[in-house]
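Architecture and fold: a report
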Amino acid sequence: MATHNVVAIVGSLRKESFSLKIAHALAKLAPASLQLEVTTLHGISFFNQDLEAAPPADWLAFREKLQKSNGVLFVTPEYNRSIPGVLKNAIDVGSRPYGKSWFLGKPVGIVSNSPGPLGGVSAAKHLQNILPGIAGPILGQPEIYLNAVGDAFDDKGQLTKESLQKVLQQYIDAFAAFVEKHNK
Ligand SMILES: Cc1cc2nc3c(=O)[nH]c(=O)nc-3n(C[C@H](O)[C@H](O)[C@H](O)COP(=O)(O)O)c2cc1C
């Protein structure tokens, strides 16, 4: 069975980010057919269309990473009922030049999370609005909005909450099958 490489984009820059820890947990739980490259958005320049004539090296590296991938998995918190600005900026960078989105055709997964009760569902819904015109198919089921993630990890960042591990396992298995289906 072929291994598919997926860019797991983390929507938070925070060192102790729950989103980052969840992305690493998913990478560990992923079946052998799926390799997750956990990617943070440090150092991605603000999108400015004027720079397209000579794009900055960080844009080129990010775009190349997307191009080489077999899919994209977003793991993100919710900021003020939407996605964090750094994530929107990276999506803008990856979506241009016009008509040449680097996400095009890539199967997409969306994992939102929050230490609060609502699991970042608004952030996930906003991604579902943003992506259809610039990316490939989005995994619709299972949906995953992870709430109460604040007590899910030990002080080394290892996942300790069994209920969370179970839903992450279900999700990543379904996502691996989805990526496989869309890379035939
Ligand atoms: C600017 C800002 C806005 C936030 N807005 C929301 C929100 O709308 N919904 C929510 O559930 N949590 C919200 N939070 C709390 C985040 O879920 C929490 O800080 C979380 O730990 C951030 O994700 P991270 O751990 O991956 O960095 C907000 C946090 C910040 C800093």
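Attention here is on the structure that accompanies the text.

Basis of the calculations
- Residues numbered from 1 in each chain as written.
- Predicted model: local features only at pLDDT ≥ 70, side-chain atom pairs only at ≥ 80, totals over all residues.
- Heavy atoms only, no water.
- Buried < 20%, exposed > 50% of the residue type's maximum accessible area, 1.4 Å probe, protein only.
- Helix = DSSP H or I, 4+ residues; strand = E, 2+ residues; numbered from the N terminus.
- Contact = heavy atoms within 4.5 Å.
- 1 Å grid on protein atoms, 1.4 Å probe; cavity = no way out; pocket = protein on both sides within 12 Å on 5 of 7 lines; lining within 4 Å.
- Points joined across faces, edges and corners; volume = space filled by probe spheres on them.
- Nonpolar A, V, L, I, M, F, W, Y, C, P; charged D, E, K, R; others polar.
- Near = heavy atom within 4 Å.
- Polar contact = N/O pair within 3.5 Å; in protein donor to acceptor, adjacent residues only side chain to side chain.
- Areas by Shrake-Rupley, 256 points an atom, 1.4 Å probe, with all protein chains shown as cover.
- Axes fitted to C-alpha atoms, helices over the stretch in contact; angles between N-to-C directions.
- Parallel < 35°, antiparallel > 145°, perpendicular 65-115°, else oblique.
- Salt bridge = Lys/Arg side-chain N within 4 Å of Asp/Glu carboxyl O.
- Pairing = 2+ DSSP bridges.
- Right-handed = clockwise from strand over helix to strand, strands pointing away.

1. Here's the deal with helix 3 (residues 85-94)
Structurally, the α-helix is built with 3.6 residues per turn, so residues lying three or four positions apart point the same way. All buried positions along helix 3 are accounted for by Leu 87, Asn 89, Ala 90, Ile 91, Val 93 and Gly 94. Residues of helix 3 that are buried make contact with strand 1 (4-10), helix 2 (57-68), strand 3 (71-77) and helix 4 (121-130).

2. With respect to empty space enclosed by the protein
Counted according to the given criterion, the structure contains one cavity of 30 Å³ or more. When its volume is computed, the largest cavity comes out at roughly 70 Å³. Lining the largest cavity are Ile 110, Ala 124, Gln 128, Ile 138, Leu 139, Gly 140, Pro 142, Glu 143, Ile 144, Tyr 145 and Tyr 171. Among the residues making up the lining of the largest cavity, the classes are represented as eight nonpolar, two polar and one charged.

3. Examining the site of the ligand
With respect to spatial proximity, the complete set of residues near the ligand consists of Ser 12, Arg 14, Ser 17, Phe 18, Ser 19, Pro 77, Glu 78, Tyr 79, Asn 80, Arg 81, Ser 114 and Pro 115. In this structure, an oxygen atom belonging to the ligand sits 2.9 Å away from a main-chain N or O atom of Phe 18. In this structure, Arg 81 approaches the ligand through a main-chain N or O atom, which is 2.8 Å from an oxygen atom. If the ligand stood free it would expose 620 Å²; the protein chains cover 70% of that surface. Taken together, the residues of the shell around the ligand break down into four nonpolar, five polar and three charged.

4. Observations concerning the packing of helix 2 against helix 3
Between helix 2 and helix 3, the shortest axis-to-axis distance is 9 Å and the interhelical angle comes to 75°. Of the possible angle classes, the one that applies to helix 2 and helix 3 is roughly perpendicular. Contacts from Trp 59, Phe 62, Arg 63 and Leu 66 of helix 2 reach helix 3 at Ala 90, Val 93 and Gly 94. Broken down by class, the residue content of the contact of helix 2 with helix 3 amounts to five nonpolar, one polar and one charged.

5. Some words on the pattern of salt bridges
The final tally for this structure, using the stated rule, is eight salt bridges. The salt bridge partner of Lys 65 is Glu 37, with a shortest N-O separation of 3.2 Å. Placement of Lys 65 in helix 2 and of Glu 37 in strand 2 (residues 34-39) is noted, with a sequence separation of 28 residues between them. Owing to a relative accessible area of 40%, Glu 37 belongs among the partly exposed residues under this scheme. The closest approach of N and O atoms between Lys 161 and Asp 151, which form a salt bridge, is 2.9 Å. Placement of Lys 161 in the loop between strand 5 (145-146) and helix 5 (162-181) and of Asp 151 in the loop between strand 5 and helix 5 is noted, with a sequence separation of 10 residues between them. Residue classification places Asp 151 among the exposed residues on the basis of a relative accessible area of 55%.

6. Topic: the pairing of strand 1
Burial analysis of strand 1 places six of its seven residues in the buried class, which makes it a mostly covered element. Summarising the sheet, strand 1 and strand 2 pair through six bridges and their orientation is parallel. Note on strand 2: the bridge partner recorded for Val 6 is Leu 36. Handedness of the crossover joining strand 1 and strand 2 through helix 1 (residues 18-29) is recorded here as right-handed. Pairing analysis gives five bridges linking strand 1 to strand 3, with the strands arranged parallel. Its bridge partner lying in strand 3, Val 6 is registered against Gly 71.

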